[in-house]
Amino acid sequence: MKPRLDFVKTVLLMVVLCPEIVRAGRRAPEPPPALNVEHQHPSGAFLFRTPEGWKVQPLAAKPEAIEAWGGDLGVRFLYRPGESGFDSLHADCMLERLAGPMDTEPRVRYEYEFVGGVVGSRRALDSAFIVSYDQPRHGHREWRQRTVTVVGKGDSLCVMSYVPRETWKSSAPTRALVDAVLSSVTFRRP
């Protein structure tokens, strides 16, 4: 029994005195690129930030929506003044896809759905899922879509991120970048 105790003590001492051993083989996560460019929604209700070079433009068919794209990564912001029905708005925004329903496979694979929380003093719902399109969109058929809906203080906002499924699975820097853009949203009325 004594040799086992000596082994445990040795391992504990190594971890305490040389914590690098615990992290051996793991790289420190890369920080996302700086979000240097600030954008304002046409309503003036909120701001968000992107890296340099992202293209930001309104959606032609939806004046309340704008999109930001950097390469294969997209974020859509859909704003409605007033406080819309929380669950129903989230369900509607989950249908904000890169193509219409006739160009999308009906089966959606959920990572998680309708996870509730609070953002500041506003209520929030969050869902993430994989959508497959009949034809490639921006060069990819399968996309991970995350929809975050925030309602309160006279504002209703949905933020949808679109990332190719394979990119999402394999690229920690991409995940960090998309999360940083989502987190950069600030409302004019705190």
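Here's what I pulled together on the structure shown here. (Residues numbered from 1 in each chain as written. Predicted model: local features only at pLDDT ≥ 70, side-chain atom pairs only at ≥ 80, totals over all residues. Heavy atoms only, no water.)

**So, the side chain of Ser184**
And then number 1: Summarising the element assignment, Ser184 is placed in the loop between helix H4 (172–183) and strand S10 (186–187).
And then number 2: Given the relative accessible area of 13%, Ser184 is considered buried.
And then number 3: One polar contact links the side chain of Ser184 to the main-chain carbonyl oxygen of Val181, over a distance of 2.7 Å. (Helix = DSSP H or I, 4+ residues; strand = E, 2+ residues; numbered from the N terminus. Buried < 20%, exposed > 50% of the residue type's maximum accessible area, 1.4 Å probe, protein only. Polar contact = N/O pair within 3.5 Å; in protein donor to acceptor, adjacent residues only side chain to side chain.)

**Description of the sheet that holds strand S2 (residues 46–50)**
And then number 1: Taken in spatial order, the 3 strands of this open sheet run S1-S2-S10, and their pairing is antiparallel. Bordering the open sheet on either side are strand S1 (37–40) and S10, each of which pairs with just one other strand.
And then number 2: As paired elements, S2 and S10 share 2 bridges and run antiparallel to each other. From the neighbouring strand, Phe46 faces S10, where its bridge partner is Phe187. (Pairing = 2+ DSSP bridges.)

**Observations concerning the pairing of S1**
And then number 1: With 4 bridges connecting them, S1 and S2 associate as antiparallel partners. Considered in S2, the bridge of Glu38 is made with Arg49.
And then number 2: Linking two consecutive strands that pair antiparallel, namely S1 and S2, is a turn of 5 residues; a positive phi of about 80° is found at Gly44 within it.

**Here we look at the pattern of salt bridges**
Charged atoms that come close allow side chains of opposite charge to pair.
And then number 1: In this structure the tally under the stated criterion is 15 salt bridges.
And then number 2: Linking Arg49 and Glu38 is a salt bridge whose minimum nitrogen-to-oxygen distance equals 3.3 Å. Residue Arg49 is located in strand S2, and its partner Glu38 is located in strand S1; the two are separated by 11 residues in the primary sequence.
And then number 3: Put simply, Glu142 and Arg109 hold a salt bridge, and the shortest N to O gap is 2.9 Å. With a gap of 33 residues between them, Glu142 in strand S8 (residues 140–152) and Arg109 in strand S6 (residues 109–119) connect regions that are remote in the sequence.
And then number 4: Glu142 gets classed as partly exposed once you look at its relative accessible area, which sits at 24%. (Salt bridge = Lys/Arg side-chain N within 4 Å of Asp/Glu carboxyl O.)

**Notes on unusual backbone geometry**
And then number 1: Residues other than glycine seldom take positive phi values, yet His138 does so here, at roughly 50°.
And then number 2: Along the chain, His138 falls in the loop between strand S7 (122–137) and S8.
And then number 3: On the basis of relative accessible area, His138 is assigned to the partly exposed category, the value being 45%.
And then number 4: Unusually for a residue other than glycine, Lys153 sits at a positive phi of about 55°.
And then number 5: For Lys153, the location among the structural elements is in the loop between S8 and strand S9 (155–164).
And then number 6: For Lys153, a relative accessible area of 43% puts it in the partly exposed group.

**Let's talk about the side chain of Thr147**
And then number 1: Along the chain, Thr147 turns up in strand S8.
And then number 2: One polar contact links Thr147 to Gln145, side chain to side chain, over a distance of 3.2 Å.
And then number 3: In this view, Thr147 contacts His90, Cys93, Met94, Leu125, Asp126, Ser127, Phe129, Val159 and Met160; residues no more than four positions away in its chain are not counted. (Contact = heavy atoms within 4.5 Å.)

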